[in-house]
Amino acid sequence: MTPRRQQILDIAADLFAQRGFHGVSVADLGAACGISGPALYKHFPSKDAVLAEMLVSISEELLSVGRQRAEAAGSPAAAVEALIEWHIEFALAHRALIVVQDRDWSSLADDAREQVRALQREYVDVWAAELRRVHPGLTLDRARAMAHVAFGLINSTPHSGLLPDDQMHGLLHDMALGALVAPA
C-alpha cells in the first residue's frame with residue numbers, strides 16, 4: 001500500500017469515527033486529505049471501497065500478527081498472553097478503527113462484509129486454539145466465546161479512555177489475562 005493510500009485510510013477512519021460513514025461525503029474526505037473529492041477517485045473507486053479496504057486490511061493485520069505472535073510463544077499460556085498484548089497494542093493505537101468497525105459494519109458491501117467476517121472467524125479461532133491448549137477439555141464454542149469476551153473488554157478502549165495509555169494497557173492486560181487464564 002502506498003503511503004498516500006494509507007494516509008487516506010487513516011484520515012477516513014478518524015472522520016468516520018467522528019461522524020459516521022454516512023456523515024462523511026467524498027468532498028469532506030478529500031478536503032481532509034488536502035485534495036478535491038474527485039481526486040480521491042485516483043486512489044479508491046468509491047467511498048465504499050475506502051471503508052471496505054479499511055476494515056478488510058485491519059482484519060488481515062489482526063489475523064497475521066496474531067498468528068505470528070501465537071506461533072512465536074514458548075507455551076500455550078505465553079501464546080494467550082502474546083495475543084492479549086497484540087490486541088491491546090492494536091486497540092490503543094487504532095481507537096477510531098474500532099469505532100468504525102462497530103458502528104459502520106452494516107455499511108459494508110456484502111462481499112467485503114463476508115471477507116471481514118471470514119478473517120475475524122479465523123482470528124477468533126487462533127485465540128480459541130490457544131485457549132483450548134491452556135484449558136484441556138474446553139469446548140471450541142466456549143473457547144470462541146471467551147475470545148469474544150476478551151475482545152469486548154479490550155475493544156472498549158475508545159469508550160473507556162479514562163486513564164493514560166500506559167495505565168490502560170496494564171489494566172486491560174491484567175483483566176484479560178485474569179479472565180482467560182483463570183479456570184474456564
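Note that the structure is predicted; figures quoted are calculated from it, not measured.

Trainee: Sorry, what's going on with the packing of aromatic side chains here?
Mentor: Any aromatic ring pair is given by two values, namely how distant the centres are and how the planes are angled relative to each other. As enumerated under the stated definition, the model contains 5 aromatic pairs in all. An angle of 80° between the planes, with centres 5.2 Å apart, marks the rings of Phe16 and Phe21 as edge-to-face. Of the residues examined, Phe21 reaches a relative accessible area of 2% and is grouped as buried. Taking the centre distance of 5.4 Å and the plane angle of 10° together, the rings of Tyr123 and Phe151 count as stacked. Of this pair, Tyr123 sits in helix H6 (residues 110-134) while Phe151 sits in helix H7 (residues 140-154), placing them 28 residues apart in sequence. By the burial criterion, Tyr123 is buried, and Phe151 matches it. The structure contains a cluster of three or more aromatic residues connected by ring pairs, namely Tyr123, Trp127 and Phe151. Above the ring of Phe44, the side-chain terminus of Arg5 is found at 4.0 Å from the ring centroid. Stacked on the ring of Phe21, the Lys or Arg Lys47 has its end atom at 4.2 Å from the ring centre.

Trainee: Teacher, can you tell me more about helix H2 (residues 26-33) here?
Mentor: Residues lying three or four places apart along an α-helix face the same way, a consequence of the helix completing one turn every 3.6 residues. For H2, the full list of buried residues reads Val26, Leu29, Gly30 and Cys33. Seen along its axis, H2 keeps its buried residues to an arc of 100°; they face one direction. Check the buried side of H2 and you find it contacts helix H1 (3-19) and helix H3 (47-72). Phi turns positive, to about 80°, at Gly34, one or two residues after H2.

Trainee: What exactly am I supposed to notice about the packing of helix H4 (residues 76-93) against H6 here?
Mentor: Axis separation between H4 and H6 bottoms out at 8 Å; the angle between their running directions is 145°. Note on packing geometry: the crossing formed by H4 with H6 is left-handed. Touching Pro76, Ala77, Ala79, Val80, Leu83, Ile84, Trp86 and His87 of H4 are Tyr123, Val126, Trp127, Glu130, Leu131, Arg133 and Val134, all from H6. When its residues are assigned to classes, the contact of H4 with H6 shows 12 nonpolar, 1 polar and 2 charged.

Trainee: Would you explain the environment of His159 in this entry?
Mentor: Among the structural elements, His159 can be located in the loop between H7 and helix H8 (165-181). C-alpha separation for the pair His159 and Arg95, spaced 64 residues apart in sequence, amounts to 8.9 Å. Aside from chain neighbours lying at most four places away, what touches His159 is Val99 and Asp102.

Trainee: Help me out: how do you make sense of the nonpolar core in this one?
Mentor: Within soluble globular proteins, side chains that are nonpolar tend to cluster in buried spots. Counting residues in each nonpolar core, the largest one holds 61 residues, and the members touching the most others are Phe16, Met54 and Trp127. Going through the elements one at a time, H1, H2, H3, H4, helix H5 (95-104), H6, H7 and H8 are the ones with two or more residues in this core. Looking at this core element by element, the count peaks at 11 residues for H3. Ignoring sequence-local partners within four residues, the contact set of Phe16 consists of Phe21, Val24, Lys47, Val50, Leu51, Met54, Val100, Arg103 and Asp104.

Trainee: Explain the packing of H3 against H5 here, please?
Mentor: The relative placement of two packed helices comes down to the angle between their axes together with the axis-to-axis distance. Contact geometry of H3 with H5 gives a least axis separation of 11 Å together with a crossing angle of 115°. One finds that H3 runs roughly perpendicular with respect to H5. Our pair here, H3 against H5, has a crossing hand that is left-handed. Facing H3, whose interface residues are Leu51, Met54, Leu55 and Ile58, H5 presents Leu97, Val100, Gln101 and Asp104. Classifying every residue of the contact of H3 with H5 gives 6 nonpolar, 1 polar and 1 charged.

Procedures and definitions
Residues numbered from 1 in each chain as written. Predicted model: local features only at pLDDT ≥ 70, side-chain atom pairs only at ≥ 80, totals over all residues. Heavy atoms only, no water. Phe/Tyr/Trp six-rings, centres within 6.5 Å; stacked < 30°, edge-to-face > 60°. Buried < 20%, exposed > 50% of the residue type's maximum accessible area, 1.4 Å probe, protein only. Helix = DSSP H or I, 4+ residues; strand = E, 2+ residues; numbered from the N terminus. Lys NZ or Arg CZ within 6 Å of the ring centre and 35° of its normal. Arc of directions from axis to C-beta. Contact = heavy atoms within 4.5 Å. Axes fitted to C-alpha atoms, helices over the stretch in contact; angles between N-to-C directions. Left-handed = near helix turned anticlockwise from the far one by under 90°. Nonpolar A, V, L, I, M, F, W, Y, C, P; charged D, E, K, R; others polar. Core = buried A, V, L, I, M, F, W, Y, C linked by side-chain atoms within 4.5 Å. Parallel < 35°, antiparallel > 145°, perpendicular 65-115°, else oblique.

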